[in-house]
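# Remarks on the overall topology
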Amino acid sequence: MAARRIQLLESELQGLSGVSAAGVSAGGAGALALLGAPGGRVDADSELDQVDAALQTAREVLDREHETVTEIAAELGAQATSADIGAVPVRVVRMSDPDGEPEEELFGTTLNNPRADGAGIVLRRDERMRFVGAATRRISRGIDLDEIVLGLCRATTPTFADTILVYLRDPLPIGDEKPVGPLVLRLRRIEGPPDEPTSWASVDDLRVAEPAPEPVPPAEGCLVPADASLTHVLRGVRPVFADPMTRNALHELLGKNYDVPDEFRAILAPLRGRRRVVGVVVFLRNRERARFDPEDLQVGAQLTTQTALGIDKALLYGHDAYVADELQRTMLPPSLPQSPGSRLASRYLPAAESARVGGDWYDAIPLSASRVALVVGDVMGHSVTSAAIMGQLQTTVRTLAALDLPPQELMRHLDEQAQRLGSDRLATCMYAVYDPIAHRVTICNAGHPPPILIQPNGQADILKVPPGAPIGVGGVDFEAVEHGAPAGSTLVLYTDGLVEARRKDVWTGIQQLRERLELTARHAEIAQMPLVEALCDDALDVLGPGDRDDDVAILAARFEGITASDVAQWSIENTTKAPRESRKLTRQALERWGLEHLVHTAELLVSELVTNAVNATPTIREPIEVRLLRTQVLRFEIRDRSTHMPRWDYSRALVEHGRGLRVVGRLADRWGVSLLLGGKVVWFEIGLEEPGALG
């Protein structure tokens, strides 16, 4: 009857291990068979998880089997020993036939249930090799620090150890960086049986142990002196058992009150990277498991070596990712300018976590006459080189835009610059200039997906623009087209990563984006949401999480325009009477707008700048253009045909020239100069509230 109970338990174990009933009858079942499929190997890392789950259940079966054997041994008066590291070797034979053949036979069992016959050692080594192979594959697939440490913990518990503690150096040195300061180790992760107090006491007999006290948790970190026992162990590099010297090292690491198990139930394994020790791992087994043997030290060495090299790799990858993030962040504008008559929003997403830097960019550049240039581009590739090329092209666009070049001329110069960078430096680009006074947008395309214009009524249209050749091809002309941009319309520029995917072509993605933007625009109008922000957020949802292969840049501009009633402009004859005429026209405009409190300040500043324009063009008799714009601020623009840039002269306190700019700088909220091909524009802004007194 007792042997029947053992047989039932072995049958239950067969279901977990996948071993046939015939194999078990021949003595082939054991806990080690659970580490791999019958006659096979652990082909996938995921199988290791299945092994862990099976081991948990199998251990319960083995515990019941061990209890049954113990009961039978006690009933038959058998002597229980611990000669084989916690084993209970029992052989019960009941003779029932004349030939002396046993009717039932029960082989010895141990606390971790290794097979008692001679073939068990060979199987154990074979299973150990398969376990190490699966565990190292699981550790190697991590690309960041936490994934690698988690892979080590999940691969080794409970298959190899009941509890694992991973301590890492703080801070961790990167590459050839030399550590500064003393060695400090901090607990990075602990993995063990959940919700069960751990007792590491040895079992020399079958007596029931007293309930273990509440275990003391391990130390969160420790400072390792140069003469400490732990330092000597770390210098030795190889894993060691908890002998007397190592026990001191364990107490230094885990804490003086931590219950360190006996010698062969604890392994202390340094984590040695390519240059230096980066941490230490502690493997622990509880009293219900067999102790570690010398071959387990080799297993620990292989696992910790793989982990340490992975940590080195993760640190280098993390450093490179940080550099890539910083490079991408500095290449993109930290904020978008608040241009009169428009509101802007943008988004950028990298292609993947493993490719955080790419060649997509966006920009918004304020131009003269309250215009704004909108730029979106895409350099081929997703490397640091692509980002560097993108940065050079972006700088070129900003420089050319400051010259107020027509869009098609700007594209031609940009194409020439790309050819100077190399024959294979290709990029697409969309350049648009919005004029809030004329309510027009001029667009030039260089091989980029067409923009989408959302009308004030919510209808979204794909604008027809000449496709053009990519930047860097060379020898091609670019064409600019004008489109109406009524107040309340929104222009959306984007890169191909938003509309191109593995399972659909570009034009299908563009149509889906147009439909999504149209739906969002109508919903945002009803809900009175900030339209440009909502458009950018919803546009990113066009592609599913698994569809995006490229990085994405989006730039949305809401065109509010400047009405004709808020604009006053004149052409003043370039004579000595120009300053007086400009003061008179300025006064009339401000009185018409009800801004009489600004008349004195505005007259003074306009007069100074017009005087500078007259003095800068003594031989040029073309008119001086003056324009006033009333938006959230009052903006004045004075344009002349001279390319001479005005500047303050700090070298001489009594200098006669340049004092007008000092007055402008003191009274205006903002001011600046835009150099044009045919001259320059000097502008300044003052608030609509009462200005501060000159003091």
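Right above here is the structure, for reference.
All residue numbers refer to positions counted from 1 along the written sequence of the respective chain. Restriction of local features to residues with pLDDT of at least 70 applies here, the model being predicted, together with a cutoff of 80 or more for giving and counting side-chain atom pairs; totals for whole chains, interfaces and linings are based on all residues. Just so you know, side-chain values use all the structure's heavy atoms and leave hydrogens and water out.

## Some remarks on the nonpolar core
As a reminder of what qualifies: What we call a nonpolar core is a set of buried Ala, Val, Leu, Ile, Met, Phe, Trp, Tyr and Cys residues that are connected through their side-chain atoms within 4.5 Å. We call a residue buried when its accessible area falls under 20% of the maximum for its residue type, exposed when it is over 50%, and partly exposed in between, using a 1.4 Å probe and counting protein chains only. Strands here mean DSSP runs of E at least two residues long; helices mean DSSP runs of H or I at least four residues long; both are numbered from the N terminus. Here, two residues are considered to be in contact whenever any of their heavy atoms come within 4.5 Å of each other.
Counting 51 residues, the largest nonpolar core has Leu374, Met411, Tyr431, Ile471 and Leu491 as its most contacted members. If one sorts the elements of this core by residue count, strand β14 (residues 427-435) sits on top with 7 residues. Filtering out sequence-adjacent residues up to four positions away, Leu374 remains in contact with Leu344, Asp363, Ala364, Met430, Tyr431, Ala432, Leu491, Leu493, Leu555, Ala557 and Phe559.

## Regarding the side chain of Lys680
Just so we agree on the cut-off: A 3.5 Å cut-off defines polar contacts: any pair of N or O atoms within that distance qualifies, except that in protein one atom must be a possible hydrogen donor and the other a possible acceptor, and neighbouring residues in sequence count only when both atoms are side-chain atoms.
The residue Lys680 is located in strand β25 (residues 679-686) in this model. A relative accessible area of 3% means that Lys680 is categorised as buried. Here the side chain of Lys680 touches Asp640 through a polar contact of 3.0 Å, side chain to side chain.

## Re the packing of helix α8 (residues 294-331) against helix α9 (residues 384-402)
Two measures define how a pair of helices packs: the angle their axes make with one another and the distance between the axes. Rule in force here: Fitting a line to C-alpha atoms yields each axis, with helices limited to the stretch in contact; the angle taken between N-to-C directions then spans 0 to 180 degrees. The labels follow the angle: roughly parallel below 35 degrees, roughly antiparallel above 145, roughly perpendicular from 65 to 115, and oblique for the rest. Crossings are classed by handedness, with left-handed meaning an anticlockwise turn of the near helix from the far one by less than a right angle and right-handed meaning a clockwise turn.
For the pair α8 and α9, interaxial distance at closest approach is 10 Å and the crossing angle is 15 degrees. Comparing the axis directions of α8 and α9 gives the class roughly parallel. Here α8 and α9 pass one another in a crossing that is left-handed. Where α8 approaches α9, its residues Leu327, Gln328 and Met331 are matched on the opposing element by Val384, Ala387, Ala388, Met390, Gly391 and Gln394.

## Re the pattern of salt bridges
Rules: Salt bridge criterion: a side-chain nitrogen from Lys or Arg within 4 Å of a carboxyl oxygen from Asp or Glu.
For the coordinates displayed, the defined rule picks out 33 salt bridges. Residue Glu637 is joined to Arg627 by a salt bridge in which the shortest nitrogen-to-oxygen separation is 3.2 Å. Linking Glu637 in strand β23 (residues 634-640) with Arg627 in strand β22 (residues 624-630), this pair joins segments that are 10 residues apart in sequence. With relative accessibility at 12%, the residue Arg627 sits in the buried group. Residue Arg635 is joined to Glu685 by a salt bridge in which the shortest nitrogen-to-oxygen separation is 2.8 Å. Of this pair, Arg635 sits in strand β23 while Glu685 sits in strand β25, placing them 50 residues apart in sequence. Residue classification places Arg635 among the buried residues on the basis of a relative accessible area of 7%. Classification of Glu685 by relative accessible area gives buried; the value is 7%. Through salt bridges with shared partners, a single ionic network connects Arg128, Arg285, Asp293, Glu295 and Asp296.

## Some thoughts on helix α6 (residues 229-236)
Think of an α-helix as 3.6 residues a turn; residues three or four steps apart then line up on the same face. Every buried residue belonging to α6 is among Ser229, Leu230, Thr231, Val233 and Leu234, and all of these are buried. Check the buried side of α6 and you find it contacts β6 (183-191), β7 (221-224), β8 (240-241), α7 (244-254), β9 (266-272) and β10 (277-284). Of the residues trailing α6, Val237 is marked for its positive phi of about 70 degrees.

## What to know about the sheet that holds strand β5 (residues 163-169)
Spelled out, the test is: At least two DSSP bridges between two strands are needed for those strands to be called paired.
Across the sheet, 6 strands lie side by side as β7-β6-β5-β10-β9-β8; this open sheet has antiparallel pairing. Two strands lie at the open edges of the sheet, namely β7 and β8, each paired on one side alone. Relative to β6, helix α5 (residues 145-156) is tilted by about 55 degrees, and along the sheet it contacts β5, β6 and β10. Lying over the sheet, α6 contacts β6, β7, β8, β9 and β10, oriented at roughly 65 degrees with respect to β9.

## So, the sheet that holds strand β12 (residues 360-366)
Two strands in a sheet stick together by hydrogen bonds in their backbones, pointing the same way (parallel) or opposite ways (antiparallel). Pairing is antiparallel in the open sheet, where 5 strands are placed in the order β12-β13-β14-β15-β18. Single-partner strands in this sheet number two, and they are β12 and β18 (480-484). Here the strands of the sheet are splayed against their neighbours by 15 degrees on average, with no regard to which way each runs. Direction of pairing for strand β13 (residues 372-379) relative to β14: antiparallel, over a ladder of 8 bridges. Along β14, the bridge assignment pairs Val375 with Tyr431. The strands touched by α9 within the sheet are β12, β13 and β14, with β12 carrying the most contacts at an inclination of about 15 degrees. Strand contacts of helix α10 (residues 407-421): β14, β15 (440-446) and β18, with the helix running at about 155 degrees to β14, the strand carrying the most contacts.

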